[in-house]
Amino acid sequence: MSSVRKKTNRIGAFILACAIFCIFLFQGVLQAFAMPTQQGQITQQPTEEGITYGETAVFSVGIQGEATLQWQKKSPGGSFADIPGENSQMLTLESPAVSESGSAYRCKIQFQGQESPVYSDEATLAVTKRAATGDLAVNASGDGDVTLTALLPQDAEGSITFQKDGTAMGEPVSVQRGKAEYVVKQEELPQQQGEGVEFTAVYSGDGNTEAGTVGTYSYTAGQEFAPLPTGSVDDALTYGESAPLSFEASQVQMSDPSVLQVQGEAMVAQKPGTAFIAISSNQQGKNQSMAIFTVQVSKKSLSTSEIIVQDKDYDGATNAQLEQQPQLNQSQIVAGDEQKLTLLVGKPVFADKNAGKNKNVQLSLKLGGEKAGCYELQIPALQADIHKLPLTI
């Protein structure tokens with residue numbers, strides 16, 4: 001009787017164990033269907049960008065879910081490779097060269113909780129050459145000679161062929177920092193009183209700029225040069241800033257309108273860079289003379305709202321938390337740029353995981369968007385505390 005009772009107990013225990021197992025299995029199945037795992041996804045794909053050299057190209061990707069991002073580039077005929085430091089949802093390329101045309105860009109996205117990364121669509125960049133811009137300034141240079149100065153954008157390369165009535169004078173002159181000069185000797189000038197000649201500066205073009213004529217000048221033999229114009233020009237401006245001109249607009253020529261333009265009675269900074277201004281002086285019966293000024297346009301300083309890092313208790317990790325997301329100071333943004341500028345905020349981290357007061361916190365802040373290259377972002381030093389944990393013995 002005792003052996004039968006023991007056998008019955010073992011069978012009962014086995015049945016009970018099976019029942020418990022089935023209950024847990026059934027609950028697991030219910031939870032799996034009732035609480036599906038949230039999968040990260042791409043909500044916006046990058047699109048093709050077509051620009052002229054000197055402009056900014058912007059690629060962006062939209063995502064839903066926590067993820068680590070890495071932009072990649074594939075040059076024509078090459079393979080995709082990571083672009084160092086480009087880990088946000090926006091990729092901004094300032095003045096990419098024409099040689100970059102045909103390059104493809106994509107974003108590699110590693111969503112939290114997913115084993116393998118996903119990739120955005122590929123987006124192609126197309127860059128066309130800018131038109132040749134500039135001017136030809138002509139001035140007397142002593143001993144009866146005349147100096148021709150071709151003015152171009154400062155980053156222009158290539159050469160200038162100086163012509164007299166359509167015929168080249170000497171060898172092409174290399175462009176150096178946006179300038180090329182040629183001295184016309186007295187014997188090369190027309191000798192008969194009142195005889196005219198036209199000088200022309202023809203630009204060869206370079207990898208980013210079209211070839212073309214940058215300026216012409218009509219010279220008359222036997223006439224003096226008009227005195228150089230008097231007055232001054234502000235030689236340092238900030239992006240978006242304007243400065244009054246003490247000259248009429250008809251007297252003013254800009255070497256690079258993408259950097260500096262004349263608007264009414266003022267010159268207005270269009271983007272950071274260097275531009276030449278040629279101011280002409282005209283008097284009846286005299287050859288035109290031109291004064292050349294150099295103007296440097298710098299980036300505009302831009303700050304953010306106050307950034308506060310929260311203190312935390314020691315947890316063995318370096319991750320930090322901001323009290324709120326920083327925003328750009330809208331009062332410092334040039335009118336019209338509000339939608340062309342984005343603040344890209346990374347994840348804050350402590351310099352190390354150890355407890356301490358006033359510990360340095362690293363936070364990646366950068367500007368993105370079409371006008372990102374026109375501003376200098378002021379990044380503050382950040383600190384916070386990591387509190388020691390109480391230890392009970």
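Right, let's walk through the structure included here. (Residues numbered from 1 in each chain as written. Predicted model: local features only at pLDDT ≥ 70, side-chain atom pairs only at ≥ 80, totals over all residues. Heavy atoms only, no water.)

With that settled, the discussion passes to the overall build of the protein chain. Scanning the protein chain for helices and strands turns up one helix and 33 strands. A compact globule built from 393 residues would reach a C-alpha radius of gyration of about 21 Å, whereas the protein chain, at 34 Å, exceeds it by more than 25%. Taking the principal axes of its C-alpha atoms as reference, the protein chain extends roughly 145 × 50 × 35 Å. Each of the 393 residues in the protein chain was classed as buried or not, and the buried ones make up 38%. For the protein chain, restricting intrachain contacts to residue pairs at least 6 apart in sequence, the fraction spanning at least 24 positions comes to 62%. For the protein chain, the exposed surface amounts to about 22100 Å²; the carbon and sulfur share of it is 48%. (Helix = DSSP H or I, 4+ residues; strand = E, 2+ residues; numbered from the N terminus. Rg over C-alpha atoms; globule rule 2.2 N^0.38 Å. Buried < 20%, exposed > 50% of the residue type's maximum accessible area, 1.4 Å probe, protein only. Contact = heavy atoms within 4.5 Å. Areas by Shrake-Rupley, 256 points an atom, 1.4 Å probe, with all protein chains shown as cover.)

Sheet strands line up and pair through hydrogen bonds in the backbone, either parallel or antiparallel. Ordered in space as β27-β33-β30-β29, the four strands form an open sheet in which the pairing is mixed. Only two strands of the sheet have a single neighbouring strand rather than two, namely β27 (312-313) and β29 (349-350). Inspection of the sheet shows β27 paired to strand β33 (residues 382-387) by two bridges, in the parallel sense. For Lys312, the partnering residue across the bridge sits in β33 and is Ile386. (Pairing = 2+ DSSP bridges.)

For any pair of aromatic rings, geometry is given as the distance between the ring centres together with the angle between the planes. A complete count under the given rule lists five aromatic pairs for this structure. Measuring from ring centre to ring centre gives 5.0 Å for Phe59 and Tyr105, while their planes differ by 25°; the resulting arrangement is stacked. Placement of the pair is Phe59 in strand β3 (residues 56-60) and Tyr105 in strand β8 (residues 104-111), with a sequence separation of 46 residues. Like Phe59, the residue Tyr105 is buried in the burial classification. Taking 5.5 Å as the distance between ring centres and 80° as the angle between the ring planes, the aromatic pair formed by Tyr239 and Tyr375 counts as edge-to-face. Here Tyr239 is found in the loop between β19 (236-238) and β20 (242-244), whereas its partner Tyr375 is found in strand β32 (residues 375-377), with 136 residues between them in sequence. An aromatic cluster of three or more residues is present, and its members are Phe199, Tyr219 and Phe225. The ring of Phe80 is capped by Arg106, whose NZ or CZ atom sits 4.0 Å from the centre of that ring. (Phe/Tyr/Trp six-rings, centres within 6.5 Å; stacked < 30°, edge-to-face > 60°. Lys NZ or Arg CZ within 6 Å of the ring centre and 35° of its normal.)

So, about the pattern of salt bridges. Applying the stated rule across the entire model yields eight salt bridges. Across the pair Glu86 and Lys366 runs a salt bridge whose closest N-O atoms are separated by 3.1 Å. Residue Glu86 is located in the loop between β6 (81-82) and β7 (90-94), and its partner Lys366 is located in strand β31 (residues 365-368); the two are separated by 280 residues in the primary sequence. When its relative accessible area of 26% is taken as the criterion, Lys366 is described as partly exposed. Note that Asp352 is salt-bridged to Lys359, the shortest N-O span being 2.7 Å. (Salt bridge = Lys/Arg side-chain N within 4 Å of Asp/Glu carboxyl O.)

We now examine the environment of Ala97. Locating Ala97 in the fold gives a position in the loop between β7 and β8. Given a relative accessible area of 24%, Ala97 falls into the partly exposed group. Counting along the chain gives 86 residues from Ala97 to Val183, while the straight-line C-alpha distance between them is 33 Å. Apart from residues no more than four positions distant in its own chain, Ala97 is found in contact with Tyr53, Val127 and Asn208.

Along the chain, the position of Thr56 falls in strand β3. A polar contact is formed between the side chain of Thr56 and the backbone oxygen of Glu370, at a distance of 3.4 Å. When neighbours within four sequence positions are excluded, Thr56 is seen to be in contact with Glu49, Ile51, Thr92, Leu93, Glu94, Ser95, Gly369 and Glu370. (Polar contact = N/O pair within 3.5 Å; in protein donor to acceptor, adjacent residues only side chain to side chain.)

A few words now on the environment of Ala351. For Ala351, the position within the fold is in the loop between β29 and β30 (356-362). Between the C-alpha atoms of Ala351 and Pro117, which are 234 residues apart in sequence, the distance is 28 Å. The residues touching Ala351, leaving out its near neighbours within four places in the chain, are Asn360 and Gln362.

Once that is clear, we can look at the nonpolar core. The biggest cluster of nonpolar side chains holds 24 residues, and the ones touching the most others in it are Leu148, Ile160, Phe162 and Phe199. Of all the elements in the fold, those that place two or more residues in this core are β11 (135-140), β12 (146-151), β13 (159-164), β16 (179-184), β17 (196-203) and β18 (212-220). Aside from chain neighbours lying at most four places away, what touches Phe199 is Leu136, Leu148, Gln163, Lys164, Met169, Val184, Leu189, Gly215, Thr216, Tyr217 and Tyr219. Among the nonpolar cores identified, the runner-up in size contains 22 residues, and Val309, Ile333, Leu365 and Ile386 belong to it. (Core = buried A, V, L, I, M, F, W, Y, C linked by side-chain atoms within 4.5 Å.)

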